[in-house]
Amino acid sequence: MRARFNLLKEASRLANRTFNDREIEDFLNKAQEEFVKERYAAWKNRPQIGYGQHPVRNAELAGLLTATQSVPRTMFIVGTELNGALQGPDLDKGGVTQDADRFGVFVGLPDEVLYPIVETCQTSKGDVVKRNTPVNEVNLQGYINGIYDDYAKPYDNLVWSLDWGAYTTAEPNVNGTYDESVKEYSTSGTDYNMSGENYLGATITINTNRAKYLLPGKGWKVDKYTVFYIKLPKGIRVDVQTPSLQQHCELPPFTHDEVVSKAVKIASAAVIPDPNQYQINDKESKEDE
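Residues numbered from 1 in each chain as written. Predicted model: local features only at pLDDT ≥ 70, side-chain atom pairs only at ≥ 80, totals over all residues. Heavy atoms only, no water.

Undergrad: Describe in detail the packing of aromatic side chains, supporting the description with residues and values.
TA: Inspection of the entire model under this criterion finds seven aromatic pairs. Relative to Tyr-51, the ring of Tyr-40 has its centre 6.0 Å away and its plane inclined at 20 degrees; by these criteria the two rings are stacked. One end of the pair, Tyr-40, is in helix 2 (residues 21-40); the other, Tyr-51, is in the loop between helix 2 and helix 3 (55-61), with eleven residues separating them in the sequence. Relative to Tyr-213, the ring of Trp-164 lies with its centre 5.2 Å away and its plane at 50 degrees, an arrangement referred to as tilted. In this pair, Trp-164 is assigned in strand 7 (residues 159-164) and Tyr-213 in strand 12 (residues 211-215), connecting sequence segments 49 residues apart. Of the two residues examined, Trp-164 and Tyr-213, each falls in the buried class. Through pairs of rings, three or more aromatic residues link up here, namely Tyr-40, Tyr-51 and Tyr-115. (Phe/Tyr/Trp six-rings, centres within 6.5 Å; stacked < 30°, edge-to-face > 60°. Helix = DSSP H or I, 4+ residues; strand = E, 2+ residues; numbered from the N terminus. Buried < 20%, exposed > 50% of the residue type's maximum accessible area, 1.4 Å probe, protein only.)

As structure tokens, then:
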């Protein structure tokens, strides 16, 4: 890809500008990321065809489709009033106990997750266990609109999933102001943002800025969670001095020329501060989609 980049760079009249390996690496990674985002989201590409809508799009991103192993409940963080969790379907339940009826659970997503595709859960109620329980993704407004609706809220065969950026909340202090929310990467015991199923003496490491909040039906609890997703491809690494350290593009080989071509266009826009030239490059990039 480096050699192809240099060849196209010469053809694009950038021969008077030499790029080192680190710069080429940056351009290739930027192009790779743009390629994935444009191919996934229909509204980001000219034909308005996204992932899952056509076999060609599926083939272009097939190498990035992956899944988590089933994440067990011992890795969840139980929702409480202190960590801002939304209450579950049993809204008339008294007390503040942390149980499946009153709150849902938080589960961290892997750092490499770009776009979740399908989520499933294993749920249980007493001795009854349900596998591959369907999961519907809802937003906060959807929660407000549906949590009182008997035909919309979670039940035995449905779990709600909400995007959740962090486990901590802005907390009021004695001065009448708020302590800002802070992303905790590791915590133990019964701290304000962590209370696992068997939390006594346990440590749960939070190594992601993204999480899901799962709300099962009344009386049910989530035992395991699995998500299939399009992952962020590994960064391309260019190192002609030590080839063993190089990282090749994880996209299918038939897409590599398009990625390189896009990288050259990004490079030309970077070194030629001409708005017209940038518009031309942007137009050519969209035509390639």
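Undergrad: I'd like a rundown of a nonpolar patch on the surface, residues and numbers included.
TA: Where nonpolar side chains cluster on the molecular surface, the patch consists of Leu-65, Ile-117, Val-118 and Phe-228 and spans about 310 Å² of accessible area. When you line up the elements, Phe-228 lands in strand 13 (residues 221-231). (Patch = residues over 30% accessible without salt bridge, like charges linked within 9 Å, V, L, I, M, F, W, Y side chains within 5 Å. Areas by Shrake-Rupley, 256 points an atom, 1.4 Å probe, with all protein chains shown as cover. Salt bridge = Lys/Arg side-chain N within 4 Å of Asp/Glu carboxyl O.)

Undergrad: Got a sec to walk through the pairing of strand 12? Specific residues and values, please.
TA: The buried count for strand 12 comes to five of five residues, which makes it a mostly enclosed element. Relative to strand 12, strand 4 (residues 105-108) runs antiparallel, the two being bridged by four bridges. What sits directly across from Gly-108, in strand 12, is Ala-211. Inspection of the sheet shows strand 7 paired to strand 12 by five bridges, in the antiparallel sense. Bridge pairing in strand 12 places Leu-162 opposite Tyr-213. (Pairing = 2+ DSSP bridges.)

Undergrad: Run through the pattern of salt bridges, naming residues and quoting values.
TA: Should the charged atoms of two oppositely charged side chains come close, the side chains can pair. According to the stated counting rule, one finds 15 salt bridges in the structure shown. For the salt bridge of Arg-237 with Glu-25, the shortest nitrogen-to-oxygen distance reads 3.8 Å. With Arg-237 in the loop between strand 13 and helix 5 (256-271) and Glu-25 in helix 2, this pair connects stretches of sequence that are 212 residues apart. For Glu-25, a relative accessible area of 15% corresponds to the buried category. The residue Lys-37 makes a salt bridge to Glu-33 at a minimum N-O spacing of 2.8 Å. Pair noted here: Lys-37 and Glu-33 are both in helix 2, with a separation of four residues, about one helical turn. Residues participating in the shared-partner salt-bridge network are Glu-38, Arg-39, Arg-57, Glu-60, Glu-258 and Lys-262.

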